[in-house]
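Letter by letter, the chains look like this.
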Amino acid sequence: MAYFCSQVLSTSFFTPKPQIPVLLSPGVACIKSSQPYRFLHLKAMQDNKVSMPTPGDESKVRVPHVLTVAGSDSGAGAGIQADLKACAARGVYCSTVITAVTAQNTLGVQGVNIVPEDFVAEQLRSVLSDMSPNVVKTGMLPSTGIVKTLCQSLKEFPVQALVVDPVMVSTSGHTLAGPSILDSFREELLPMADIVTPNLKEASALLGGVPLETIADMRSAAKAIHDIGPRNVLVKGGDLPVSLDAVDVFYDGEDFYEFRSSRIMTPNTHGTGCTLASTVAAELAKGSQMLSAVKVAKRYVEAALSYSKNIAIGGGLQGPMDHLLKLKSNVLRRPFDPCDLFLYAVTDSRMNKKWGRSIVDAVKAAIEGGASIIQLREKEVETSDFLEAAKACLKICRVHGVPLLINDRIDVALASDADGVHIGQSDMPAHVARALLGPDKIIGVSCKTPEQAQQAWIDGADYIGSGGVYPTNTKENNKTIGLDGLKTVCLSSKLPVVAIGGIGISNAQAVMGLGVPNLEGVAVVSALFDRECVLTETRKLLEVLKESTKIAN
Ligand SMILES: Cc1ncc(COP(=O)(O)OP(=O)(O)O)c(N)n1
Ligand SMILES: Cc1ncsc1CCOP(=O)(O)O
Ligand SMILES: [Mg+2]
């Protein structure tokens, strides 16, 4: 590997107009250049100071790493906090050097406290001397001294790429870095940058105040900024007047590229600039070339903006976005409660077809009748129909606060964002399902024996389905374990249990009357769905179950 790298390096020293990162191995990009800073960088790479796989150290995995040098935003929509979240969302490690601490919220910036220059230098040294970030991304650099300190540190500890977001004014209009830093930007920082990502105001400021009102102006600005020294320029046109599309202009010194996307109507745009730049940095750290890094970053920001367009955080005009695309779905999903197992309705497409109803109608009726959890057990439908049904049922379940699980099909559960899965002993092992679904989704496992119950607990299941308690026609060749077998499983299980198999209004009380504390309810298929009126049957079963809890107490 080292030999291959030095081959690339030795030719790159003589490349006349080098700009594009050369992929050496995943996460290791080498930028060809003949400039002094580049020389130091390449030299450091040769000396193995910059992240390289260590021969004989295969058990350790080097992760792509971005160091962000920026200001803290107490509201966490922008600055260091946005950078951390964007890198985490993109699967890249992010270390931080804080240049200023701001008091901010969705109303604006209430205060700024600049970190002393020598302490910025100390943070830089701590990270750069030990942790070998692949890429440095800069945000708020509030003083000339801090800009100079950073440039000095980068000469001492070269990195693979430098992404400069020339933050000057907050989205609320507060000055975060005054005009005094412009000279140091132009003279020192930009010539070291692999990409600079100004918005219209920042591009104008870098060019001495020229008005920028059209895409043609943006192209001229990109070219003029490129002349200052950065290898690539992205002029962001989000503030361009009278344009429905958001247009950004990218210039690599030879070609122009326009990135167009339809404007997402949302107030939650605070921190988009920081997020875009740190995502570019993250993609470069993974080994992407510059143009694809910018493309992916644009796509990610658009997706996050679109996902976050209706989230409500703070009372001001500009809210933060949700970098991890999780907040909305977590609000709608409540944690698993074992009481949900009380009346567990398991669908069956054959039965619903027989009675001329759709899966969605069957689920609606079961919920209206009082089902506390739904499982889609659709053994005969096409995958695409299963997915559509799951999405439609999920909408209904969410409105009623009823969890929706998918039988067997982890792929369908993931694609529909259902609340979880129910799996059997011959399905995907529960620990694999847990790894695929993450910590929050509900996983139920079928168990007939104490050993299986113990394994389900070890594997990270949330509940056990135990049966068939009574003989059933719904599942072929299914061994009946009886009430005794059910009791044995319950007593050996650390997890809540739901009984299944041949259960209906005639025997539900006998099952619940077993009197074991972790037996939470009954799961039924034919007693609800192989009947003319699902609503009536569900109501009747609910009454029987309620009655059995009264008797038990
Ligand atoms: C709640 C509940 N318990 C058990 C089962 C049976 O699952 P499995 O053993 O995977 O068999 P199939 O349902 O896939 O035929 C269940 N579905 N639900
Ligand atoms: C899926 C399953 N697992 C064990 S028994 C059974 C079938 C339950 O269906 P029914 O409630 O109609 O007996
Ligand atoms: Mg199964």
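Rules and cut-offs
- Residues numbered from 1 in each chain as written.
- Chains lettered and ligands numbered in written order.
- Predicted model: local features only at pLDDT ≥ 70, side-chain atom pairs only at ≥ 80, totals over all residues.
- Heavy atoms only, no water.
- Buried < 20%, exposed > 50% of the residue type's maximum accessible area, 1.4 Å probe, protein only.
- Helix = DSSP H or I, 4+ residues; strand = E, 2+ residues; numbered from the N terminus.
- Arc of directions from axis to C-beta.
- Contact = heavy atoms within 4.5 Å.
- Near = heavy atom within 4 Å.
- Polar contact = N/O pair within 3.5 Å; in protein donor to acceptor, adjacent residues only side chain to side chain.
- Nonpolar A, V, L, I, M, F, W, Y, C, P; charged D, E, K, R; others polar.
- Areas by Shrake-Rupley, 256 points an atom, 1.4 Å probe, with all protein chains shown as cover.
- UniProt positions renumbered as here; feature names shortened; annotations may be inferred.
- Donors = N, O, S within 2.8 Å, 3.2 Å for Na, K, Ca; no water.
- Phe/Tyr/Trp six-rings, centres within 6.5 Å; stacked < 30°, edge-to-face > 60°.
- Lys NZ or Arg CZ within 6 Å of the ring centre and 35° of its normal.
- Core = buried A, V, L, I, M, F, W, Y, C linked by side-chain atoms within 4.5 Å.
- Axes fitted to C-alpha atoms, helices over the stretch in contact; angles between N-to-C directions.
- Parallel < 35°, antiparallel > 145°, perpendicular 65-115°, else oblique.
- Left-handed = near helix turned anticlockwise from the far one by under 90°.
- Pairing = 2+ DSSP bridges.
- Right-handed = clockwise from strand over helix to strand, strands pointing away.

> Can you tell me about helix H18 (residues 482-492), naming the residues and giving the values?
Of all the positions in H18, only Gly 482, Gly 485, Leu 486, Val 489 and Cys 490 are classed as buried. Taken end-on, H18 shows its buried residues confined to a sector of 135°, consistent with a single buried face. Pointing more than 90 degrees away from the buried face of H18 are the exposed residues Asp 484 and Leu 491. On the buried face of H18, the contacting elements are helix H17 (450-458), strand E17 (463-467), strand E18 (497-500), helix H19 (508-512) and strand E19 (519-524).

> So, the site of ligand 2: which residues are in play, and what are the values?
Residues in contact with ligand 2, as listed here, are Arg 377, Thr 472, Thr 474, Lys 475, Asn 478, Ile 500, Gly 501, Gly 502, Val 524, Val 525 and Ser 526. Here an oxygen atom of ligand 2 and a side-chain polar atom of Thr 474 are 2.4 Å apart. Within the backbone of Gly 502, a nitrogen or oxygen atom sits 2.7 Å from an oxygen atom of ligand 2. When its residues are assigned to classes, the shell around ligand 2 shows three nonpolar, six polar and two charged.

> Could you give an account of the site of ligand 1, naming the residues involved and the relevant values?
In the vicinity of ligand 1 lie 16 residues, with Gln 375, Arg 377, Lys 379, Ser 446 and Lys 475 positioned nearest. A distance of 2.7 Å separates an oxygen atom of ligand 1 from a polar atom in the side chain of Arg 377. A distance of 3.0 Å separates a nitrogen atom of ligand 1 from a polar side-chain atom of Asn 407. Burial of ligand 1 by the protein amounts to 90% of the accessible area it has alone, namely 420 Å². Sorting the residues of the shell around ligand 1 by element identifies strand E15 (420-423) and E18 as the ones contributing at least two each. Taken together, the residues of the shell around ligand 1 sort by class into five nonpolar, six polar and five charged.

> I'd like a rundown of the UniProt feature "domain: Thiamine phosphate synthase/TenI" (unreviewed entry) in the chain, residues and numbers included.
Per the UniProt record, "domain: Thiamine phosphate synthase/TenI" (unreviewed entry) is found at residues 343-528. The distance separating the terminal C-alpha atoms of residues 343-528 is 11 Å; by composition the span is 42% helix and 19% strand.

> Help me get a handle on the coordination of the magnesium ion (ligand 3), residues and values and all.
Taken together, Asp 408 (OD) and Asp 427 (OD) make up the full set of protein donors to the magnesium ion (ligand 3), lying 2.0 to 2.2 Å away. Remark: Asp 427 occurs in the loop between E15 and helix H16 (430-437) and Asp 408 occurs in the loop between strand E14 (404-407) and helix H15 (410-416); sequence separation between them is 19 residues. For Asp 408, a relative accessible area of 23% translates into the label partly exposed. Judged by its relative accessible area of 26%, Asp 427 falls in the partly exposed class.

> Which residues make up the packing of aromatic side chains, and what values do they have?
Centre distance and the angle of the planes are the two values used to describe a pair of aromatic rings. Following the criterion strictly, the structure yields five aromatic pairs and no others. Note on Tyr 251 and Phe 256: the rings are 4.3 Å apart at their centroids and 25° apart in plane angle, and the pair reads as stacked. Classification of Phe 256 as partly exposed rests on a relative accessible area of 26%. Ring geometry for Tyr 344 versus Tyr 463: centroids 5.9 Å apart, planes at 65°, classification edge-to-face. Separated by 119 residues along the polypeptide, Tyr 344 in strand E12 (residues 343-346) and Tyr 463 in strand E17 bring together distant segments of the chain. Accessibility expressed as a relative area gives 0% for Tyr 463, which makes it buried. A network of ring pairs unites the aromatic residues Phe 250, Tyr 257 and Phe 259 as a single cluster. In this structure, Lys 328 is placed above the aromatic ring of Tyr 307, and the distance from its NZ or CZ to the ring centre is 4.2 Å.

> Which residues make up the nonpolar core, and what are the values?
If you look at soluble globular proteins, the nonpolar side chains tend to sit buried side by side. Of all hydrophobic cores here, the largest spans 76 residues; its most connected members are Tyr 344, Ile 374, Leu 376, Leu 486, Ile 503, Val 511 and Leu 519. Residue contacts for Val 511: discarding those within four places in its chain leaves Val 469, Tyr 470, Leu 483, Leu 486, Ala 499, Ile 503, Leu 519 and Val 522. Core analysis: the second largest hydrophobic core is formed by 42 residues, Val 115, Leu 189, Leu 190 and Ile 228 among them.

> Account for the packing of helix H3 (residues 79-89) against helix H9 (residues 272-286), naming residues and giving values.
The geometry of H3 relative to H9 is characterised by a closest axis approach of 9 Å and an angle of 45° between their N-to-C directions. The angle between H3 and H9 places the two elements in the oblique class. Read as a crossing pair, H3 and H9 show a hand that is right-handed. For the pair H3 and H9, the contacting residues are Gly 79, Ala 82, Asp 83, Ala 86 and Cys 87 in the first and Cys 274, Thr 275, Ser 278, Thr 279 and Ala 282 in the second. Residues that form the contact of H3 with H9 fall into these classes: five nonpolar, four polar and one charged.

> Account for the pairing of strand E13 (residues 373-376), with residues named and values stated.
Burial along E13 is two-sided: the residues Ile 373 and Gln 375 and Ile 374 and Leu 376 are all buried. Pairing of E12 with E13 involves three bridges; the strand directions are parallel. Paired with Tyr 344 across the two strands is Ile 373, which belongs to E13. In the sheet, E13 pairs with E14 via three bridges, with the strands oriented parallel. Pairing of Leu 376 across the sheet is with Ile 406, part of E14. With respect to chirality, the unit in which E13 leads through helix H14 (residues 383-400) into the neighbouring parallel E14 is right-handed.

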